[in-house]
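Spelled out, the chains give:
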Amino acid sequence: MTSKKAAIIGLWVVAGVALLLFATFRIVQPRLNRTLADDLGRGDYVLTTTTGAPFTQDSLKGEPSAVFFGFTHCPEVCPTTLGDIATWQEDLASTGQQIRTFFITVDPERDQIDQLRDYVSWVPQVEGVSGDPAEVAKAIRAFRIYARKVPLENGDYTMDHSASVLLFDAKGRFFEPIGYQEDYDRAVGKIRRMLNN
């Protein structure tokens, strides 16, 4: 083998190694380092809020947010959680803070925008979110929420669903959850930590 051929082969090997390193650090490594905080809420869903604005993954950016999935025919979990949110907002307002909250329906067949608007209207800073059932299904997957239709004996149905409030920082990254009926001081503490971060 001539020294010219060896040099060319050597250059190709160096170029191949460089390309492999580039791919590892620019493509593979970031994907391995992604966390739940990076992925939760990300997806191509397009819904509508009760103010008429579109709700997409970008809606979580700009200011801290809370997201809760529920439905207007919910007998206990949803009204209780909205009551908790109302008291959190009252506590936050005492120090000049607030957190916008999105109540996303898991029952888009029954929860139209007007009905949602009435349902959440009594809680400060809460917007209802609904849309086409296929788009709501995409959002449920993006937020990794459990939601399932449960038939009732009278031919009607109810919905089983996750009951946590999900907190997102101003960059739209998942911060942490607040569990159903979590201790009041602990819940408000989580929100304040996120707002002051």
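Placed above this text is the structure.
A quick note: this is a predicted structure, and the numbers were derived from the prediction, not measured. (Residues numbered from 1 in each chain as written. Predicted model: local features only at pLDDT ≥ 70, side-chain atom pairs only at ≥ 80, totals over all residues. Heavy atoms only, no water.)

Asks: Quick one: what's the story with the overall build of the protein, residue by residue and with numbers?
Replies: Each helix and strand in the protein was counted, giving six helices and nine strands. Counting over 197 residues, the protein shows a buried share of 40%. Sequence separation of at least 24 residues holds for 70% of the intrachain contacts in the protein that already meet a minimum separation of 6. Entry remark: accessible area of the protein is about 11,000 Å², with carbon and sulfur atoms responsible for 56%. (Helix = DSSP H or I, 4+ residues; strand = E, 2+ residues; numbered from the N terminus. Buried < 20%, exposed > 50% of the residue type's maximum accessible area, 1.4 Å probe, protein only. Contact = heavy atoms within 4.5 Å. Areas by Shrake-Rupley, 256 points an atom, 1.4 Å probe, with all protein chains shown as cover.)

Asks: Lay out the packing of aromatic side chains in plain terms, naming residues and giving numbers.
Replies: Evaluation of the coordinates by the stated rule reveals eight aromatic pairs. Ring centres of Phe 55 and Phe 102 lie 4.8 Å apart, and the angle between their planes is 55°; this geometry places the pair in the tilted category. With Phe 55 in strand 2 (residues 54-55) and Phe 102 in strand 4 (residues 100-105), this residue pair connects regions lying 47 residues apart in the sequence. Phe 102 matches Phe 55 in its accessibility class, with the two residues each being buried. Aromatic rings pair up to connect Tyr 45, Phe 55, Phe 69, Phe 102, Phe 143, Phe 168 and Phe 174 into one cluster. Sitting over the ring of Tyr 157, Arg 110 keeps its end group 3.8 Å from the ring centre. (Phe/Tyr/Trp six-rings, centres within 6.5 Å; stacked < 30°, edge-to-face > 60°. Lys NZ or Arg CZ within 6 Å of the ring centre and 35° of its normal.)

Asks: Give a description of the packing of helix 3 (residues 77-93) against helix 6 (residues 184-196) that names residues and reports values.
Replies: When two helices pack together, you describe them by how their axes are tilted relative to each other and by the distance separating the axes. As a packed pair, helix 3 and helix 6 sit with axes 11 Å apart at the nearest point and diverge in direction by 55°. Of the possible angle classes, the one that applies to helix 3 and helix 6 is oblique. In this structure, helix 3 meets helix 6 at a crossing whose hand is right-handed. Across the interface between the two elements, Thr 87, Trp 88, Asp 91 and Leu 92 from helix 3 touch Tyr 184, Ala 187, Val 188, Ile 191, Arg 192 and Leu 195 from helix 6. (Axes fitted to C-alpha atoms, helices over the stretch in contact; angles between N-to-C directions. Parallel < 35°, antiparallel > 145°, perpendicular 65-115°, else oblique. Left-handed = near helix turned anticlockwise from the far one by under 90°.)

Asks: Hey, could you go over the pattern of salt bridges for me, with residue numbers and the actual values?
Replies: A full pass over the atoms with the stated rule returns 14 salt bridges. Here Lys 190 makes a salt bridge to Glu 176, at a shortest N to O gap of 3.8 Å. Taken together, the positions of Lys 190 in helix 6 and Glu 176 in strand 9 (residues 174-178) put the pair 14 residues apart, joining distant regions of the chain. In this pair, the class of Lys 190 matches that of Glu 176, namely buried. Each of the salt bridges in this network shares a partner with another, and the network as a whole consists of Glu 176, Glu 182, Arg 186, Lys 190 and Arg 193. (Salt bridge = Lys/Arg side-chain N within 4 Å of Asp/Glu carboxyl O.)

Asks: Lay out the side chain of Thr 72 with the relevant residues and their values.
Replies: Tracing the backbone shows Thr 72 in the loop between strand 3 (65-70) and helix 3. Its relative accessible area of 12% is what places Thr 72 among the buried residues. Here the side chain of Thr 72 touches Asp 111 through a polar contact of 2.4 Å, side chain to side chain. In this view, Thr 72 contacts Asp 111, Gln 115, Leu 116 and Tyr 119; residues no more than four positions away in its chain are not counted. (Polar contact = N/O pair within 3.5 Å; in protein donor to acceptor, adjacent residues only side chain to side chain.)

The analysis is restricted to geometry; functional conclusions fall outside its scope.
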